[in-house]
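# Examination of the molecular architecture
If you want the building blocks of each chain, they are given just below.
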Amino acid sequence: MQLIISTPPDDELPDNPLEEGAGEDTEQDELRQFRVDAAQHGQRLDRALTACVGEFSRSYLQQRIEAGDVQLDGKALTKPAAKVRLGQQISITLRATPQSRAFVPQDMPIETVYVDEHLRVIHKPAGLVVHPAPRNWQGTLLNGLLALDPAVMDLPRAGIVHRLDKDTSGLMVVARTRQAMDALVAMIAAREVSRQYLAIGHRRWPGAPEREVAVGIGRDPANRLRMAAIDLTRLPGKTARTTFQCLDQNEEACLVRCILHTGRTHQIRVHMAHIGHPLLGDALYGGRPLAGMHRQALHAWRLAFVHPFTGQELVWSVPVPQDMQQALAELGLRYNEPDEADGAD
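Keep in mind that what you see is a predicted model, and the values were worked out from it rather than measured.

For the structure on display, the rule yields 3 aromatic pairs. Taking 5.4 Å as the distance between ring centres and 50° as the angle between the ring planes, the aromatic pair formed by Tyr114 and Trp316 counts as tilted. Of the two residues, Tyr114 sits in strand β6 (residues 111–115) while Trp316 sits in strand β16 (residues 313–317), which places them 202 residues apart along the sequence. Under the relative-accessibility criterion, Tyr114 is labelled partly exposed at 23%.

Right, dumping it as structure tokens:
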């Protein structure tokens, strides 16, 4: 494709920033134009754009099409599925959006537990969003990683291969190379990465100290903003399995070790609520503030896997944070770091 890049002259710039809330950095719009070549002939418009403007996601380019910012031979098109033909000229006006401003380095304290040329293990504090999303386009772990480590600048999601909820603390592994990222993603999918959590749930734990919960998880049909334990024969969702081990309890609460065997959204929170022990502070799933806990009482305390390149067995653990320690003390629950079990689920 023959590509021409230009920006509008100063007297054509808008008086206001491109996006509400974009701040004082009034970046100029950028116009790009190119001719459709034989390789793009007959393709969807959004696919043809992706081939030429590869640094932007397809979803962002679809937004520009639907907003009328793309022209084909001088005529605005608003359907991403429109087909293009050899020799046609495509023009796209690239505009700054919250999404396009999201992937920027921002200095922030990030506690590194381990780092080598392939990967980094970090201890995420509660309250830190992992990845940019609506209402949290900046100030995320991803922004901090971009500032901390130039090696991840060219990696998808800055090397992030799994997430913790904003208000969950604990260990995460992040890739530093594309090869490591692909290997870690495959290991997580194959359940070769062990992730164990400590949680404080409401009410006394009945019966045997260990319990396995294998109940599907999907979108709550009554509230699409949360997940739910569901019957997979009636509703769409995914299989999910968690092993719970009660470490201490009383009439008010229970301290539980949680071993993930799958990695579904909000899995521990949903399964704990399903068996009658919603997490302290987890209002989304029926928990309530107790003993000073106003965020879900959940901490990713242990991470273990075999290094994808050295073959070394690696295990890390970090104590529960201060707010959970204070809650345990107030509730009279004994906390001794659990024995380190097997290295992988």
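Back to the text.
For the structure on display, the rule yields 16 salt bridges. Across the salt bridge formed by Arg64 and Asp69, the nearest N and O atoms sit 2.9 Å from each other. Like Asp69, Arg64 is buried. The salt bridge partner of Arg234 is Asp231, with a shortest N-O separation of 3.7 Å. For Asp231, a relative accessible area of 34% gives the class partly exposed.

This part covers the pairing of strand β11 (residues 216–220). Taken across its 5 residues, β11 has 4 buried, putting it largely inside the fold. Two elements, β11 and strand β12 (residues 223–230), share 5 bridges in a ladder whose sense is antiparallel. Bridge pairing in β12 links Asp220 to Asn223. Linking two consecutive strands that pair antiparallel, namely β11 and β12, is a turn of 2 residues.

Here Asp73, not a glycine, exhibits a phi torsion of approximately 50°, which is positive. Residue Asp73 is classed as partly exposed on the basis of its relative accessible area, which comes to 48%. Phi is positive for Arg157, which is not a glycine, with a value near 55°. Arg157 gets classed as partly exposed once you look at its relative accessible area, which sits at 37%.

Before going further, it helps to examine the nonpolar core. Phe244 and Phe305 are the most contacted members of the largest nonpolar core, which has 49 residues in total. Cys52, Ile65, Val70 and Ile90 belong to the second-largest nonpolar core, a separate cluster that totals 17 residues.

One way to put it is that helix α1 (residues 45–52) packs onto helix α2 (residues 58–66) with a least axis distance of 9 Å and a crossing angle of 120°. Classed by the angle they form, the pair α1 and α2 counts as oblique. Of the two elements, α1 crosses α2, and the hand of that crossing is right-handed. Note on element contacts: α2 touches α1 through Arg58, Leu61, Gln62 and Ile65, opposite Leu45, Asp46, Arg47, Leu49 and Thr50.

Here we come to helix α5 (residues 267–274). Of all 8 residues in α5, 6 are buried, a share of seventy percent or more. A positive backbone phi angle near 95° is found at Gly276, which sits one or two residues after α5.

Looking now at helix α6 (residues 322–331). Within α6, burial applies to Met324, Ala327, Leu328 and Leu331. Looking straight down α6, one finds that the buried residues subtend no more than 100° of arc, so they occupy a single side. Structural note: α6 exposes Ala329 and Glu330 on the side pointing more than 90 degrees away from its buried face. As for α6, its buried residues are in contact with β9 (194–202), β14 (253–260) and β15 (298–306). Trailing α6 by a residue or two, Gly332 shows a phi angle of about 75°, which is positive.

Glancing now at the side chain of His307. On the secondary structure map, His307 appears in the loop between β15 and β16. The exposure class assigned to His307 is buried, which follows from its relative accessible area of 2%. A polar atom in the side chain of His307 sits 2.7 Å from the side chain of Asp116. For His307, the residues in contact, after removing those within four places along its chain, are Tyr114, Asp116, His118, Leu119, Gln312 and Leu314.

Criteria and thresholds
Residues numbered from 1 in each chain as written. Predicted model: local features only at pLDDT ≥ 70, side-chain atom pairs only at ≥ 80, totals over all residues. Heavy atoms only, no water. Phe/Tyr/Trp six-rings, centres within 6.5 Å; stacked < 30°, edge-to-face > 60°. Helix = DSSP H or I, 4+ residues; strand = E, 2+ residues; numbered from the N terminus. Buried < 20%, exposed > 50% of the residue type's maximum accessible area, 1.4 Å probe, protein only. Salt bridge = Lys/Arg side-chain N within 4 Å of Asp/Glu carboxyl O. Pairing = 2+ DSSP bridges. Core = buried A, V, L, I, M, F, W, Y, C linked by side-chain atoms within 4.5 Å. Axes fitted to C-alpha atoms, helices over the stretch in contact; angles between N-to-C directions. Parallel < 35°, antiparallel > 145°, perpendicular 65-115°, else oblique. Left-handed = near helix turned anticlockwise from the far one by under 90°. Contact = heavy atoms within 4.5 Å. Arc of directions from axis to C-beta. Polar contact = N/O pair within 3.5 Å; in protein donor to acceptor, adjacent residues only side chain to side chain.

Without other data, these values stay purely geometric and don't point to any function.
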